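Observations on the three-dimensional arrangement
The residues making up each chain are set out below.
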Amino acid sequence: MNASATPQEFSAQQRAERQAQVVQGLSAHLPAHALLWNSEDTTPYECDGLTAYRQRPLVVALPENEAQVQAVLKTCFDLAVPVVARGAGTGLSGGAMPHLMGVTLSLARFNRILKLDPVSRTALVQCGVRNLAISEAAAPLGLYYAPDPSSQIACTIGGNVAENSGGVHCLKYGLTLHNIVKIKGFTMDGEPVVFGSDALDAPGYDLMSVMIGSEGMLAVVTEVTVKLIPKPILARCIMASFDDIRKAGEAVAAVIAAGIIPAGLEMMDKPMTAAVEDYVHAGYDLSAEAILLCESDGTPEEVEEEIGRMSDVLMAAGATKVAVSQSEQERMTFWSGRKNAFPASGRISPDYMCMDSTIPRKRVADILLAIQQMEKKYQLRCANVFHAGDGNLHPLILFDANEADQLHRAELFGADILETSVAMGGTVTGEHGVGVEKLNSMCVQFSAAENEQMFGVKRAFDTKGLLNPGKVIPTLQRCAEYGKMLVRGGQLKHPDLPRF
């Protein structure tokens, strides 16, 4: 069975026969309640947070221990059945979308915190533990886990590892990659693997850096050892308003240029500010074209000094209003809008597509102004919220999937944002991953030779290409077809970029 074949290449009879074979094979290793294959049971697994793309899996396996995970992988390897690992399903790029002829391996039951070590400041957790649950468990020790994606109340650490997730505090404290000590799991053929070490360094190549952000393409993660850091004594947040997007963008660059590394530096444009203010009532300035949230944490003396410096830089950059949180409650109120940007967008539009690209900080204003022009071109609204400090964009393209052409226009709009980001010196993804959403855009970012090198890394771990096939790395044929489509549709904006 070809793992890379398209769904159209399989008949209903082939699917039924294959399903019976897989269920029989896995039933030898899993109890009946841990194996789902009826459509009403598998439908909840048909997509992740990118709901525009859906596919019911052949079978869903819900192992309860590592021996069962290993057995599922070995069985699927022997049968040449594709496997898609799944955590909480909060991903936004279709990375956990099932394969029509494959097994969705749900790791939701791996939800235990195995060890908290205040001496080494680490936590050993299973892959299905929620991001926020780690900080909640470590709080009595005065410690916490720094990466804080907006979905942290639900997303799992295994999913964070797959996508190299960040969050509003990643500017100062780093992404998932910078906060992981060790990873345990299994390759597709069931071989146990360990990446990293409890010691300062690990022998051999730094394969943990290859694993983190590999989107379930190389191995299935079961346990993760994360770093914990002391909870700051004090944190305060500045909310700065700007009457011009370019001034706000230049203020971001000015803060970093001043030698200040805020705990968080986020930006929202006017449409997004209006959406979240109506939802959470955080006290945002609705007359501002953009607002910045700049946080400082540390000792009271450090925070006082840094808040003063940042306020001076922001005012010099043209801020029309600067407010500083005076209590922890007010600080959390300032952040409530940013943390609720996605649900707020869901209140003003039937559907939205959240893009994820990066650009150099100095080009923040340029990309926002370019997106405004794209709104006119594609006749769709777009609200912007992003990690301004590291240039990680999250434009939310608003559309109605019930209107026949709107999804297509949203896809073109998103591809335009990604291509423009690359043209400005950025990348097609920051922390959401490539999944299925950005496959075509990878043709813009990388040459055929570069994509083949990435396939080479995958083959080294996954000889049959069964782990999460058809995701992340585009084939040469796909890139060629995408290039022809852009030329035919007059969408080739930057002919020097695509390397078809």
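Summary of the structure given here. Keep in mind that what you see is a predicted model, and the values were worked out from it rather than measured.

1. Considerations on the packing of aromatic side chains
The geometry of two aromatic rings is summed up by the distance between their centres and the angle between their planes. Tallied over the full model, the rule gives three aromatic pairs. An angle of 20 degrees between the planes, with centres 5.3 Å apart, marks the rings of tyrosine 378 and phenylalanine 413 as stacked. In this pair, tyrosine 378 is assigned in helix 13 (residues 364-378) and phenylalanine 413 in helix 14 (residues 406-423), connecting sequence segments 35 residues apart. We classify tyrosine 378 as buried; its relative accessible area is 4%.

2. Side note on the sheet that holds strand 4 (residues 103-106)
Here we have four strands laid out as an open sheet, ordered 1-2-4-3, and mixed in their pairing. With partners counted over all chains shown, the strands left at the sheet margins are strand 1 (35-36) and strand 3 (83-86), one partner each. With four bridges joining them, strand 3 and strand 4 adopt parallel strand pairing. Each bridged residue has a counterpart across the sheet, and for valine 84 the counterpart in strand 4 is threonine 104. Set on the sheet, helix 1 (residues 12-27) makes contact with strand 1, strand 2 (59-61) and strand 4; between it and strand 2 the angle comes to about 15 degrees. Across the sheet, helix 3 (residues 66-79) touches strand 2, strand 3 and strand 4, and the angle it forms with strand 4 is around 165 degrees.

3. Considering the packing of helix 8 (residues 245-257) against helix 13
Relative orientation of the contacting elements helix 8 and helix 13 amounts to 150 degrees, with a least axis distance of 7 Å. With respect to each other, helix 8 and helix 13 are oriented roughly antiparallel. The element helix 8 and its partner helix 13 pack so that their crossing is right-handed. Contacts between helix 8 and helix 13 pair Ile245, Arg246 and Gly249 from the former with Val364, Ala365, Asp366, Leu368, Leu369 and Gln372 from the latter.

4. Details of helix 14
Taking 1.5 Å of rise per residue, the 18 residues of helix 14 would be expected to cover 26 Å, and the 25 Å separating its terminal C-alpha atoms lies within 8% of that figure. Here helix 14 lies mainly inside the structure; 13 of its 18 residues are buried.

Quick notes on the rules
Residues numbered from 1 in each chain as written. Predicted model: local features only at pLDDT ≥ 70, side-chain atom pairs only at ≥ 80, totals over all residues. Heavy atoms only, no water. Phe/Tyr/Trp six-rings, centres within 6.5 Å; stacked < 30°, edge-to-face > 60°. Helix = DSSP H or I, 4+ residues; strand = E, 2+ residues; numbered from the N terminus. Buried < 20%, exposed > 50% of the residue type's maximum accessible area, 1.4 Å probe, protein only. Pairing = 2+ DSSP bridges. Contact = heavy atoms within 4.5 Å. Axes fitted to C-alpha atoms, helices over the stretch in contact; angles between N-to-C directions. Parallel < 35°, antiparallel > 145°, perpendicular 65-115°, else oblique. Left-handed = near helix turned anticlockwise from the far one by under 90°. Expected span 1.5 Å × (residues − 1).

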